[in-house]
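Descriptive structure summary
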Amino acid sequence: MQGKKSFIAIKKFFRILGPGLITGASDDDPSGIATYSQAGAQYGLSTLWTAIITFPLMAAIQGMCARMGMVTSQGLTSIIKQHYPKWVLYVMLLFSFPAIIMNIGADIEGMGAVSNLIFPSVRSEYFCIGFTLLLLVCIIYFPYHRIAAILKFLAMVLLVYFIVPFLTHTNWVEVIKATVIPHILLNKDYLGILVAILGTTISPYLFFWQANMEVEELQQKEAKIKKVIIPSRRMFHDMREDVNIGMLFSNLVMFFIILTTGSVLASGGIHKIDTVEQAAQALRPLAGEMAYYLFALGVVGTGLLAIPVLSGTLSYIFSETFGLKMGLNKKFHDAKGFYLIMAISLIAGLCMNYLGISPINALLYSAILYGVTAPVIIAIILLICNNKKIMGEHVNGKLSNILGIATFVLMTAAALALLYFQFF
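Predicted model, so just to flag it, every value in this text is computed and none were measured.

With that settled, consider the pattern of salt bridges. Opposite charge on two side chains permits them to pair, given that their charged atoms come into close proximity. Under the criterion given, the structure shown has three salt bridges. For E174, the salt bridge goes to K177, with nearest N and O atoms at 3.7 Å. A residue pair is termed a helical-turn pair when its members lie 3 or 4 positions apart in one helix, as E174 and K177 do in helix α10 (residues 172–180) at three residues. A relative accessible area of 35% means that E174 is categorised as partly exposed. For the salt bridge of R234 with D238, the shortest nitrogen-to-oxygen distance reads 3.5 Å. Placement of the pair is R234 and D238 together in helix α13 (residues 233–266), with a separation of four residues, close to one helical turn. Among the residues examined, R234 registers a relative accessible area of 46% and is labelled partly exposed. For D238, a relative accessible area of 12% corresponds to the buried category.

This paragraph deals with the packing of helix α12 (residues 204–225) against α13. At a minimum axis separation of 13 Å, α12 and α13 run at an interaxial angle of 135°. The pairing of α12 with α13 is recorded here as oblique in orientation. α12 and α13 meet at a crossing whose hand is right-handed. Contacts between α12 and α13 pair Q210, E214, L218 and K221 from the former with M235, M239, D242, V243 and M247 from the latter.

Cut-offs used in this document
- Residues numbered from 1 in each chain as written.
- Predicted model: local features only at pLDDT ≥ 70, side-chain atom pairs only at ≥ 80, totals over all residues.
- Heavy atoms only, no water.
- Salt bridge = Lys/Arg side-chain N within 4 Å of Asp/Glu carboxyl O.
- Helix = DSSP H or I, 4+ residues; strand = E, 2+ residues; numbered from the N terminus.
- Buried < 20%, exposed > 50% of the residue type's maximum accessible area, 1.4 Å probe, protein only.
- Axes fitted to C-alpha atoms, helices over the stretch in contact; angles between N-to-C directions.
- Parallel < 35°, antiparallel > 145°, perpendicular 65-115°, else oblique.
- Left-handed = near helix turned anticlockwise from the far one by under 90°.
- Contact = heavy atoms within 4.5 Å.

The structure is reproduced here in structure tokens:
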């Protein structure tokens, strides 16, 4: 009897997981792994405390976006289009397009480079082309519920990063101290790493994806029962759990990547990491074959998870801006423009690697564009979620506003610091 109850509880837990888990897991893409690896290699365990700071901020903002999608049955772009000046929308589009394309390109290149390490006889370019074609076929061929299931499965690949530290000699007392006692160095390089962690973790494209995925989930349920659903208190509760678990998962992955590279690479005298393949190669002689292969597997899995999220976000933004039929619930012939934008973004990302734009520069440029747009979009999200005409009785509570304002202030400071470090 007890076993049956446990099985039901586990089944219910996994049923709740959905857009929040996918969003959180996709945040730890290959470019994010490169940033976290650089933080660990360069400064050891001293940036572990950032995971405690970013978790509640991410959960608050993503929770607002999810609530917006559920209440309005619209994506963030549609809400902005309906309630704010058009120039806001076009400026956001202008910054989002190149940032997301460069992010996709960097992720594809990272997956190809890591796969080449595992199978040296196959050139990384062939892996890049293969992954792009695989993603194109899956996105166009599979319906939303199948894509969601695949993405949830791929999210589990990130569990490999929880294993790696236990394959190495880790001083857990030092880990706990570094986690609960912030260690801040007042120099340009350290502050630059903190800004990079913030920008990589709290990324604007996730705001749009979260809202649209809640709309897709709602439409999927309505299609099943063939009637309009008014979100219930239970549905809002399940959404909050899903978002909180997803953001916790995302930050735990970040924590364990910094822990792994901080314990192994920094201790081994390796302090310069620019790409994920460098991190994997450096781990091999210091942490062993198992750690090396698990780290590499995680990079490929996160790329397959994150790239559909990136391309899907861009497609939602364009489709909502220009009134195109859209949705992963729709078949290709019902939303050709939507799927073609996704395809173009993947191909553009792939081509970026052949145009002489290095993944390192792509990440730098996308970080600047994300950094500039994040505070503006967060401010708009706060305005929307406090507007009773839009949100009705589901406006922000006091805690949501406190965390939202804290996120806005922190991301504004990060954006100013990023611009200062790059241009002065």
